[in-house]
Amino acid sequence: MGKLQWFISSLVVMTGIIIFLSLFNFSGNMLYAIWFEEERYDVETYMASVDISGMSEEEAVTALREQTENWKSGQTIEVRWFEKTAVFPAEKLNFFIEESVQSMSNGEISEGDLIVSADRRELEEVIAYFSEHAGFELEADEEALREELELRASELPDENITISLHEFTVDPDGMTEEDVSSVIYQAERSYFGDQLALWLNSTEPVIIEPEENYTFSTMFAGAEMEIPSEESMSILASAVYEALLHTNFQLIERVQSDILYDTVPEGFDVRVVEYQSDLIFHNPNPVPYELYLSAENGRISAEVYGEEFPYSINVDILDHQQIEPKTIVRYSDTVPQGTENVIETGEPGLSYQLARTFTNMESEVIFEEVIANDYYPAEERVEVWSKEDYLARTTDDGTDEDEFDLDGDPARDWPDSGYDDESGYQGGSDRDGSYDGGDSDFGSGYDGRGTDDDFDHGSGGSSGEGWNRDRAGEEGDLGTGDDSDRQGWQQNGQQDRDGQQGWEDRSQDGSGTPDMREDGKQKFTPPSGIDEEGRPVKGE
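Presented here is an overview of the structure given in this document. Numbers given for residues are sequential positions, taken from 1 along each chain in its written order. In keeping with the predicted nature of the model, local features appear solely for residues at pLDDT of at least 70, side-chain atom pairs appear and are counted solely at 80 or more, and the whole-chain, interface and lining totals rest on all residues. Excluded from the side-chain calculations are hydrogens and water; all other atoms, namely the structure's heavy atoms, are used.

1. Notes on the overall build of the chain
Part 1 of the argument: We count a stretch as a helix when DSSP gives it H or I for four or more residues in a row; a strand needs E for two or more, and each element gets its number in order from the N terminus. From N to C terminus, the chain includes 8 helices and 22 strands.
Part 2 of the argument: Restricting to contacts in the chain with at least 6 residues of sequence separation, those with at least 24 account for 63%.
Part 3 of the argument: Accessible surface, the chain as shown: approximately 29,500 Å² in total, 46% of it carbon and sulfur. In this description, contact between two residues means that some pair of their heavy atoms is separated by no more than 4.5 Å. Calculation of accessible area relied on Shrake-Rupley with a 1.4 Å probe; when residues are assessed, cover is drawn exclusively from the protein chains displayed.

Set out below in structure tokens:
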């Protein structure tokens with residue numbers, strides 16, 4: 001054999017050996033991976049919300065167990081029934097991690113599922129809580145509720161779990177409460193104008209979504225009609241207000257009108273003005289309700305439609321009081337003696353509380369609340385009498401026996417005219433304190449008009465407002481009923497504060513010359529009579 005042939009033969013043998021060794025090593029690695037190495041999950045493989053891509057079964061079990069424990073510690077599970085909420089503790093959920101991973105590996109379950117079991121006894125206690133609130137035993141499909149809870153929990157969602165019990169409570173016919181709706185309440189009012197009636201009959205029912213607000217004015221947004229008058233809006237809103245008060249909706253905003261319209265029952269008055277005041281309710285339930293508005297035969301109707309409440313709702317007026325109008329008597333030169341002219345007849349006022357009471361099926365009050373405290377002031381009766389009648393009843397000391405002065409206000413025994421340019425007291429015809437103290441606005445006199453029943457101070461001035469109506473109080477006192485910061489004229493001038501807000505150091509008639517007593521204090525002298533113009537004359 002020649003050298004060349006030997007070299008070629010050796011090269012072939014060596015090449016074969018190298019190929020054999022490479023194939024042996026590759027085959028060995030493959031056999032080891034097949035027979036001995038653990039299987040790992042493909043990329044983008046998830047169980048519940050946990051990414052287990054590239055993990056072995058053992059690693060996936062560890063990761064899932066850690067994730068479920070973290071999830072249970074921060075998760076809230078709520079079951080809702082009407083406005084009530086019961087919490088199902090997350091620790092009462094039992095997750096079967098190993099079984100879940102093994103089942104997915106065997107193809108028995110799809111990706112994303114965890115096997116979980118909810119504690120049956122705990123779920124029964126949740127339903128019992130609602131039964132106690134309602135006053136009767138709820139008929140609920142517990143198995144369906146449990147399955148829904150387990151399904152929701154198996155996904156380990158980031159958000160809290162909320163389940164409506166309405167989907168699982170059933171009536172005697174086997175229908176769920178969610179499928180059984182009825183008229184909750186209907187309120188009616190007389191209405192004015194065809195335009196509003198046409199609009200109401202052309203509108204779709206208003207859906208008040210679960211846990212959302214209802215705002216009255218939004219019904220008119222985008223409507224192809226002129227906005228109704230304030231009176232029409234308020235009458236329609238009052239019907240809606242009455243209807244929704246007979247639900248468990250929570251009142252967010254409601255403003256009382258200045259007057260109570262004839263077509264609006266007491267207690268259900270609402271003032272709706274565009275961009276100023278509105279009617280707003282909140283639906284606290286996990287189910288929607290519908291509001292139907294219609295008009296027929298001169299009446300408008302507001303009707304709430306939805307799932308019937310498990311309790312009765314009563315809306316009542318409490319502490320109803322009628323406020324009698326006051327009579328203001330004015331005196332005039334033009335009225336003949338013995339004549340009394342009635343200018344305004346006056347109207348009584350009104351005050352009351354509006355309360356709502358919830359009573360369960362066992363006639364137990366489960367909740368009550370005051371919705372509103374309404375007050376409508378009385379309109380004063382105004383009479384004009386003859387000035388001669390006033391003069392005939394005036395006593396020698398200048399006091400009117402009927403305790404009314406020329407303007408019908410309670411009589412006073414102080415001068416009526418004149419004020420200096422610094423303080424003093426009102427000298428104008430109205431004597432309501434609006435100009436007391438002259439340009440300085442220091443003293444507001446002591447008229448009392450425009451204040452409360454105590455007539456404790458006048459209506460004008462920025463600092464002191466005058467004395468108490470009957471100047472009650474101890475020596476030097478500010479007078480009963482007077483605000484702590486308002487001093488006015490001291491009761492008898494015995495204190496250093498005398499004149500800070502009222503007379504200053506001027507005389508009673510505004511002449512600038514003070515009248516002094518023997519003790520050096522400014523003297524108060526009651527009027528001695530009435531002059532030709534009907535003004536009190538300064539006494540001696």
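Read on, since the account is not over.
2. Examining the packing of aromatic side chains
Part 1 of the argument: Any Phe, Tyr or Trp ring, taking Trp's six-membered ring, that has another such ring centre within 6.5 Å forms a pair; planes under 30 degrees apart are called stacked, those over 60 apart edge-to-face, and the others tilted. Scanning the entire structure with this criterion turns up 18 aromatic pairs.
Part 2 of the argument: When the ring of Trp-71 is compared with that of Phe-95, the centres are 5.9 Å apart and the planes differ by 85°; the resulting orientation is edge-to-face. On the criterion of sequence distance, the pair formed by Trp-71 in helix H2 (residues 57–74) and Phe-95 in strand E5 (residues 93–96) is long-range, its members being 24 residues apart.
Part 3 of the argument: Put simply, the rings of Trp-81, Phe-82, Tyr-129, Phe-130, Phe-249, Tyr-289, Phe-309, Tyr-311, Phe-358 and Phe-367 touch in pairs and so form one group of aromatic residues.

3. A short note on the sheet that holds strand E7 (residues 161–164)
Across a sheet, strands are paired by hydrogen bonds formed along the backbone, either parallel or antiparallel in direction.
Part 1 of the argument: Ordered by their spatial adjacency, 3 strands build an open sheet running E4-E3-E7, and the pairing between neighbours is mixed. The open sheet has two edge strands with one neighbour each: strand E4 (84–88) and E7. When strand polarity is set aside, the average angle formed by the axes of neighbouring strands in this sheet is 25°.
Part 2 of the argument: Here a strand pair is declared whenever DSSP counts at least two bridges between the two strands. Pairing of strand E3 (residues 77–81) with E7 involves 4 bridges; the strand directions are parallel. Residue pairing in the sheet places Arg-80 in a bridge with Ser-164 of E7. Angles here are taken between N-to-C directions and fall from 0 to 180 degrees, while the axes themselves are lines fitted to C-alpha atoms, restricted in helices to the stretch in contact.

4. Description of the sheet that holds strand E8 (residues 182–190)
Part 1 of the argument: Across the sheet, which stays open at both edges, the 4 strands sit in the order E8-E14-E13-E9 with antiparallel pairing between neighbours. Each of the sheet's edge strands pairs with one partner strand only, and the pair in question is E8 and strand E9 (206–208). The average undirected angle you get between the axes of adjacent strands in this sheet is 20°.
Part 2 of the argument: In this structure, E9 lies alongside strand E13 (residues 289–296), joined through 3 bridges in antiparallel fashion. Within E13, the residue paired with Val-206 across the bridge is Leu-291.

5. Some details on the packing of H2 against helix H3 (residues 97–105)
Part 1 of the argument: For the pair H2 and H3, the least separation of the axes is 9 Å and the interaxial angle reads 135°. Relative to H3, H2 is oriented oblique. Crossing of H2 against H3: the hand is right-handed. Taking contact as the criterion, the partners of Glu-57, Val-61, Leu-64, Arg-65 and Thr-68 in H2 are, on H3, Ile-97, Glu-98, Val-101, Gln-102 and Ser-105.
Part 2 of the argument: Each residue belonging to the contact of H2 with H3 can be placed in one class, and the counts come to 4 nonpolar, 3 polar and 3 charged. For classification purposes, angles smaller than 35 degrees are called roughly parallel, those larger than 145 roughly antiparallel, those between 65 and 115 roughly perpendicular, and all remaining angles oblique. With the far helix as reference, a near helix turned anticlockwise by less than a right angle produces a left-handed crossing, and one turned clockwise produces a right-handed crossing. Residues are grouped as follows: nonpolar covers Ala, Val, Leu, Ile, Met, Phe, Trp, Tyr, Cys and Pro; charged covers Asp, Glu, Lys and Arg; every other residue, Gly included, is treated as polar.

6. Let's talk about unusual backbone geometry
Part 1 of the argument: A positive phi is found at Glu-44, a non-glycine position, where the angle reads about 60°.
Part 2 of the argument: Here Glu-44 lies in the loop between helix H1 (3–35) and strand E1 (46–47).
Part 3 of the argument: Here the phi dihedral of Asn-297 falls at roughly 55°; this positive angle occurs in a residue that is not glycine.
Part 4 of the argument: Mapping Asn-297 onto the fold places it in the loop between E13 and strand E14 (299–306).

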